Amino acid sequence: MPEQYQPEHLYVAIQAEAHSILSLHGREAPPRLQGETLEKYDRRMTDVVAQTSPKFKDLNLRGATSDIYPVLKKQVYEDSRREALHPTVPDGELREVKRVDQSERPYSEFYGSPKSWLDMFSQPKKRLAGINASLNFTKV
């Protein structure tokens, strides 16, 4: 059997694929459990990645047939990657995302509404209570 088709390499490939997504979220892909089959490990990694996906975080892959599973896996991984690169943040909230560049230097990116932190520096809102029309203004 050629070296590239040994089962250990397939486990590592699945872990590397999951790690490429999870590292964007600041997490690591767990290693396989002793005695875990390749299919079960692949589904477990997809479950872990689905936890970081807003659309698929409540998805249960246990009932997915072998025909539909590859399509679901691809969608879960794409949605998780999209969320990591451009997080969805509720209005009025600012979220810091720590990243590492190619030189392994950490940096922060912020997503959300600037209003969430600029409100601390703004004056209280004022309302117009009414207009007194009885005042006579004259030009000077």
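All values derive from a computational prediction rather than experimental measurement.

Of the pockets and cavities examined, the largest pocket occupies roughly 170 Å³. Together, Leu24, His25, Gly26, Thr52, Glu83, Ala84, Pro87, Arg95, Val97, Lys98 and Arg99 line the largest pocket. Those elements giving two or more residues to the lining of the largest pocket turn out to be α3 (69-85) and β1 (94-100). A per-element tally of the lining of the largest pocket places β1 first, with four residues. Of the residues belonging to the lining of the largest pocket, the class tally is four nonpolar, three polar and four charged.

Further remarks concern the environment of Thr52. Its location among the elements puts Thr52 in the loop between α2 (38-50) and α3. With a relative accessible area of 13%, Thr52 lands in the buried category. In the structure, Thr52 is positioned 45 residues away from Pro7 in sequence and 27 Å away in space, judged by C-alpha atoms. Non-local contacts of Thr52, meaning those with residues more than four positions away in its chain, are made with Leu22, His25, Arg27, Ser80 and Glu83. One polar contact links Thr52 to Ser80, side chain to side chain, over a distance of 2.5 Å.

Before going further, it helps to examine the confidence of the model for the protein chain. Do not read the predicted coordinates in detail wherever pLDDT is low. Residues at a pLDDT of 70 or more form 91% of the protein chain, whose mean pLDDT is 84. Averaged over each element, pLDDT in the protein chain is lowest for helix α4 (residues 115-118) (79) and highest for α2 (92).

In a regular helix each residue adds 1.5 Å, so 13 residues correspond to 18 Å; α2 covers 18 Å between its end C-alpha atoms and thus fits that length. Of all the residues in α2, the buried ones are Tyr41, Asp42, Arg43, Met45, Thr46, Asp47, Val48, Val49 and Ala50. Considering only its buried residues, α2 is in contact with α1 (7-22) and α3.

A few words on the environment of Pro31. Here Pro31 is to be found in the loop between α1 and α2. Those residues within four positions of Pro31 in sequence are excluded, and the remaining contacts are Gln15, Tyr41 and Arg44.

What counts as what
- Residues numbered from 1 in each chain as written.
- Predicted model: local features only at pLDDT ≥ 70, side-chain atom pairs only at ≥ 80, totals over all residues.
- Heavy atoms only, no water.
- 1 Å grid on protein atoms, 1.4 Å probe; cavity = no way out; pocket = protein on both sides within 12 Å on 5 of 7 lines; lining within 4 Å.
- Points joined across faces, edges and corners; volume = space filled by probe spheres on them.
- Helix = DSSP H or I, 4+ residues; strand = E, 2+ residues; numbered from the N terminus.
- Nonpolar A, V, L, I, M, F, W, Y, C, P; charged D, E, K, R; others polar.
- Buried < 20%, exposed > 50% of the residue type's maximum accessible area, 1.4 Å probe, protein only.
- Contact = heavy atoms within 4.5 Å.
- Polar contact = N/O pair within 3.5 Å; in protein donor to acceptor, adjacent residues only side chain to side chain.
- pLDDT = per-residue confidence, 0-100.
- Expected span 1.5 Å × (residues − 1).

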